[in-house]
Amino acid sequence: MSVSEASIEVIAIPLGEIEPNPDQPRKFFDEAKLEELAAQFRSVGQLQPIVVRPAGDRFQIVMGERRWRAMHLVEGATAIEAKVVSSVDDENAFIMGISENVGRADMTLMEEAQAYADLVGFGYQAERIAEMFGKTTDYVKWRMDLLNLTTDIAELVSAGKIKADFAWYLSKLTPANQKVAVTRYMKGDFRTETDASTFAQALRMKENQEGFFSEKELSEKEKEDKAKERKQAKSKVDHVERAGGLLEELAKLTPSELAELFEGEVGKQLDAVERVRKAAAEAVKKLRKAKAMSEAKQLTVRPELEVEPEAEDLTEEGPSEAELADLEAAEPTEVELEEAA
């Protein structure tokens, strides 16, 4: 049953005769944003009616609880314009409530996750839920994965102190390892969000395969060969550092100076530096994972670790806040889902 299919009547209803839906998927309402909406009501009035359904001698909100709450902040307001929708059962009222809230900036990740899980409780499959709300099936499943977080970590996610992608990687860990990763995160041990997520992935690898580093005893010959490999690898990094210094000197020149120096060969030099850039980016990606694996290997899980109450700011190099909130940018790719599952 959609709103358009139901019997609809728009009337002014006293605020005191309306009650919120206890099954409303959104539980958090930002007080500052409610005041902004109340200010709008004071200035131009209510532009959009809320949607309610009869509930005995009162009315229950189907859509628009935020508007109803904001109207309570308007001095002298006693009623609110509402569409009265008849013949809407609990299931459809819940679905309509989710439809209004999914995608809102102030609906928390955990509220969205629980809303989808509640729909599964009504018998809906993830594929159908995705179709209903214009999401992908992986997106819906990913959100519901967040319900595997421990209660204290879920609260940090709801408060916005843990970002979406890191939260998902945390959800794949045991409770003890969730605490390990979050404790480091809150202490500011990670330079970027990507580093935090990579560390969580390394912990997942450790859970699934304790020996993700070779544990076999090496022969004397193998030890000698390994020592040579390490020496060669370190030598390569030394060369990279020297090359980096040369590139830094090159970067100090102006485009005009570079054009004059490389006259007739600017494109050739650009291609050469571009190849170095791509190789460096790939090396950084793999070294970041190697660092996380090394750190995870050294850890001894201590279940008694406590989560710090306040998050420290992290320097972000990955997706922006807006991109993480976006459907496609927020969710891990299908390949990442398969690898991490």
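Residues numbered from 1 in each chain as written. Predicted model: local features only at pLDDT ≥ 70, side-chain atom pairs only at ≥ 80, totals over all residues. Heavy atoms only, no water.

## Things to note about the overall build of the protein
Secondary structure assignment for the protein yields 16 helices and 5 strands. The proportion of buried residues among the 341 residues of the protein is 36%. Of all intrachain contacts in the protein linking residues separated by at least 6 positions in sequence, the fraction that spans at least 24 positions is 75%. (Helix = DSSP H or I, 4+ residues; strand = E, 2+ residues; numbered from the N terminus. Buried < 20%, exposed > 50% of the residue type's maximum accessible area, 1.4 Å probe, protein only. Contact = heavy atoms within 4.5 Å.)

## Examining the nonpolar core
As a rule of thumb, soluble globular proteins bury nonpolar side chains together. Judged by nonpolar contacts, the single largest core of 46 residues is most densely connected at Leu119, Leu146, Leu149, Ile162, Phe166, Leu170 and Phe199. Those residues within four positions of isoleucine 162 in sequence are excluded, and the remaining contacts are Ile153, Leu156, Val157, Ala167, Leu170, Val182 and Tyr185. Core analysis: the second largest hydrophobic core is formed by 19 residues, Ile13, Ala38, Phe59 and Ala82 among them. (Core = buried A, V, L, I, M, F, W, Y, C linked by side-chain atoms within 4.5 Å.)

## Some thoughts on a nonpolar patch on the surface
Residues Leu247, Val273 and Val276 make up a contiguous nonpolar surface patch of about 200 Å² in total accessible area. Mapped onto the elements of the fold, valine 273 is located in helix α13 (residues 266-298). Among the residues examined, valine 273 registers a relative accessible area of 34% and is labelled partly exposed. (Patch = residues over 30% accessible without salt bridge, like charges linked within 9 Å, V, L, I, M, F, W, Y side chains within 5 Å. Areas by Shrake-Rupley, 256 points an atom, 1.4 Å probe, with all protein chains shown as cover. Salt bridge = Lys/Arg side-chain N within 4 Å of Asp/Glu carboxyl O.)

## Concerning the pairing of strand β4 (residues 58-63)
Counting buried positions along β4 gives 5 out of 6 residues, so the element sits mostly inside the fold. Looking at chain direction, strand β3 (residues 50-55) and β4 are connected through 5 bridges and run antiparallel. Residue alanine 55 lies in a different strand from β4, and its bridge partner there is arginine 58. Where β3 folds back onto β4 in an antiparallel hairpin, the turn is made up of 2 residues, including glycine 56, whose phi is positive at roughly 70°. (Pairing = 2+ DSSP bridges.)

## Let's talk about the side chain of asparagine 21
If you trace the backbone, asparagine 21 turns up in the loop between β2 (18-19) and α1 (31-44). Once residues within four sequence positions are removed from consideration, asparagine 21 is found in contact with Arg53, Gln60, Ile61 and Ala93.

## Description of the packing of helix α4 (residues 109-121) against helix α6 (residues 137-145)
Contact pair α4 / α6: the axes reach a minimum separation of 8 Å and the direction vectors enclose 110°. When the axes of α4 and α6 are compared, the pair comes out roughly perpendicular. On α6, the residues that touch Leu109, Glu112, Ala113, Tyr116, Ala117 and Val120 of α4 are Tyr139, Val140, Arg143 and Met144. (Axes fitted to C-alpha atoms, helices over the stretch in contact; angles between N-to-C directions. Parallel < 35°, antiparallel > 145°, perpendicular 65-115°, else oblique.)

## A closer look at the side chain of serine 197
Locating serine 197 in the fold gives a position in helix α10 (residues 193-208). Since its relative accessible area comes to 5%, serine 197 is described here as buried. Excluding residues within four positions of it along the chain, serine 197 makes contact with Asp165, Phe166 and Tyr169.

## Some details on the packing of helix α7 (residues 151-158) against helix α9 (residues 175-186)
Contact pair α7 / α9: the axes reach a minimum separation of 10 Å and the direction vectors enclose 40°. By the angle class used here, α7 and α9 are oblique. α7 and α9 meet at a crossing whose hand is left-handed. Together, Asp152, Ile153 and Leu156 of α7 and Gln178, Lys179, Val182 and Met186 of α9 make up the contact between the two elements. (Left-handed = near helix turned anticlockwise from the far one by under 90°.)

## Quick word on the pattern of salt bridges
On inspection of all chains with the given rule, the structure shows 11 salt bridges. Of the charged contacts in the structure, one is a salt bridge between glutamate 19 and arginine 58, with a shortest N-O distance of 3.3 Å. Taken together, the positions of glutamate 19 in strand β2 and arginine 58 in strand β4 put the pair 39 residues apart, joining distant regions of the chain. Judged by relative accessible area, which is 27%, glutamate 19 ranks as partly exposed. Residue classification places arginine 58 among the partly exposed residues on the basis of a relative accessible area of 30%. Across the pair glutamate 75 and arginine 42 runs a salt bridge whose closest N-O atoms are separated by 2.9 Å. Of the two residues, glutamate 75 sits in the loop between α2 (65-71) and β5 (79-85) while arginine 42 sits in helix α1, which places them 33 residues apart along the sequence. Residues joined in a network through salt bridges with shared partners are Glu35, Arg42 and Glu75.

## Comments concerning the confidence of the model for the protein
Summing up the model confidence of the protein, the mean pLDDT is 77 and the portion of residues at 70 or higher is 76%. Taken element by element, the predicted model of the protein shows its lowest mean pLDDT in helix α15 (residues 327-330) (38) and its highest in helix α8 (residues 164-171) (94). Note on residues 1-7: pLDDT under 50 across the span, and 15 contacts to partners over four residues away in sequence or across chains. Here residues 301-341 scores under 50 on pLDDT; set against residues more than four positions off or in separate chains, the count is 73 contacts. (pLDDT = per-residue confidence, 0-100.)

## What to know about the packing of aromatic side chains
Scanning the model with the defined rule gives 5 aromatic pairs in all. On the numbers, 5.0 Å between centres and 75° between planes, the contact of tryptophan 168 with tyrosine 169 is edge-to-face. No difference in accessibility class separates tryptophan 168 from tyrosine 169, as the two residues are buried. On the basis of an interplanar angle of 45° and a centroid distance of 5.3 Å, the ring pair of phenylalanine 190 and phenylalanine 199 is categorised as tilted. Exposure class is identical for phenylalanine 190 and phenylalanine 199. Each is buried. In this arrangement the basic side chain of arginine 184 is found over the ring face of phenylalanine 199, its NZ or CZ atom lying 4.7 Å from the centre. (Phe/Tyr/Trp six-rings, centres within 6.5 Å; stacked < 30°, edge-to-face > 60°. Lys NZ or Arg CZ within 6 Å of the ring centre and 35° of its normal.)

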